[in-house]
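What follows is each chain in one-letter form.
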Amino acid sequence: QKGGCFTQREIMALEIDYTEDGRIQFQGLFEDLQMGPLLLWILEEEQQGELTITTEGLQQTIYFSQGYPIGTRGGTPENFIGWILREKGLIDDGTYLTSLQRMAEEQQLQGQILLQMGAVNEQQLLEALQLQLQRKLIRLFRPTEGEFYFLSSTELIVYDVEIGSLNPYTVTGN
């Protein structure tokens, strides 16, 4: 048994395969394997790569390094970094809307745009990114239907938060 968090039934639901270049890949359905055991397996096996989740018509990707979630892309608008900064009272509606417009025009991340605008500092952005990642992970526990796909990688393009700053055990309740 790989990883101490899986039952035999759950391991059978997770068919691990390898790509031609030797990377681990697996896919499955939440009907067969829920998010908690999946996140804990990634942590226990210290996986690095991308977990793409499709639920309720939305696609979201969570990035992992050494088994820890380090970033995310996609999901619902209330999880946009600007929305979170607005909730925290760090930016106003006008700044939020301006940053959305610039995102569309410049094809940049909203957080980077807000930094360039001088609306937030790096520490405020980092704290908001940690909250964003935590919220997105917690929301993944809601759906009981959907699919996931994991692909390991030696090089990741997303490092929103420090490795280990968000422990999956706190999100899964284990």
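Parameters at a glance
Residues numbered from 1 in each chain as written. Predicted model: local features only at pLDDT ≥ 70, side-chain atom pairs only at ≥ 80, totals over all residues. Heavy atoms only, no water. Pairing = 2+ DSSP bridges. Helix = DSSP H or I, 4+ residues; strand = E, 2+ residues; numbered from the N terminus. pLDDT = per-residue confidence, 0-100. Contact = heavy atoms within 4.5 Å. Core = buried A, V, L, I, M, F, W, Y, C linked by side-chain atoms within 4.5 Å. Buried < 20%, exposed > 50% of the residue type's maximum accessible area, 1.4 Å probe, protein only. Salt bridge = Lys/Arg side-chain N within 4 Å of Asp/Glu carboxyl O. Axes fitted to C-alpha atoms, helices over the stretch in contact; angles between N-to-C directions. Left-handed = near helix turned anticlockwise from the far one by under 90°. Nonpolar A, V, L, I, M, F, W, Y, C, P; charged D, E, K, R; others polar. Arc of directions from axis to C-beta.

With five bridges connecting them, strand β2 (residues 24-29) and strand β6 (residues 147-152) associate as antiparallel partners. Note that in β6 the partner of Q27 across the bridge is Y149. The pairing of strand β3 (residues 49-55) with β6 spans six bridges and is antiparallel. Following the sheet pairing, L51 is matched in β6 by F150.

Time to look at the confidence of the model for the protein chain. Looking at the protein chain as a whole, the pLDDT averages 83, with 87% of positions reaching at least 70. Confidence over residues 1-12 falls short of pLDDT 50; this stretch has 23 contacts with residues more than four positions distant or in other chains.

Another aspect to go through is the pairing of strand β5 (residues 68-74). Inspection of the sheet shows strand β4 (residues 58-65) paired to β5 by six bridges, in the antiparallel sense. Note on β5: the bridge partner recorded for Y63 is G71. Linking β4 to β5, which pair antiparallel, is a turn of two residues; within it Q66 sits at a positive phi near 55 degrees.

Below, the discussion takes up the nonpolar core. Within the largest apolar cluster, 31 residues are counted, with the highest numbers of intra-cluster contacts made by F26, L38, L51, I53 and F148. Mapped onto this core, the elements with two or more residues apiece are β2, α2 (35-44), β3, β4, α3 (81-87), α6 (122-139) and β6.

On inspection of all chains with the given rule, the structure shows four salt bridges. The salt bridge involving R23 is made with D21; its shortest N-O contact spans 3.3 Å. Owing to a relative accessible area of 55%, D21 belongs among the exposed residues under this scheme. Note that E87 is salt-bridged to R135, the shortest N-O span being 2.7 Å. Note that E87 is positioned in helix α3 and R135 in helix α6, a separation of 48 residues in sequence.

Turning our eyes to something else, we now look at α2. By the criterion of burial, α2 is predominantly enclosed, with nine of the ten residues buried. Among the residues trailing α2, E46 stands out with phi positive, at a value near 50 degrees.

Our focus in this paragraph is the packing of helix α4 (residues 93-106) against helix α5 (residues 110-117). Running from N to C, α4 and α5 cross one another at 115 degrees; their axes reach a closest spacing of 9 Å. In the packing of α4 onto α5, the handedness of the crossing is right-handed. Across the interface between the two elements, T95, Y96, T98, S99, L100, R102, M103 and E106 from α4 touch Q110, I113, L114, Q116 and M117 from α5. Residues that form the contact of α4 with α5 fall into these classes: six nonpolar, five polar and two charged.

In spatial order, the strands read β1-β2-β6-β3-β4-β5; together these six strands make up an open sheet with antiparallel pairing. The open sheet has two free edges, formed respectively by β1 (15-18) and β5, since each of these has just one partner strand. The mean angle between the axes of side-by-side strands here comes to 20 degrees, regardless of whether they run parallel or antiparallel. Bridge count for β3 against β4 is seven bridges, and the pairing is antiparallel. Bridge assignment links T54 to a residue of β4, and that residue is Q59. Along the sheet, α2 makes contact with β1, β2, β3, β4, β5 and β6, crossing β3 at roughly 175 degrees.

Let's shift gears to α5. Within α5 the residues assigned to the buried category are Q110, G111, I113 and L114. All buried residues of α5 project into a common sector of 160 degrees when viewed along the axis, lining one side. Tucked into the core, α5 has its buried residues touching α3, α4 and α6. Where α5 terminates, the next one or two residues include G118, which has phi positive at roughly 80 degrees.

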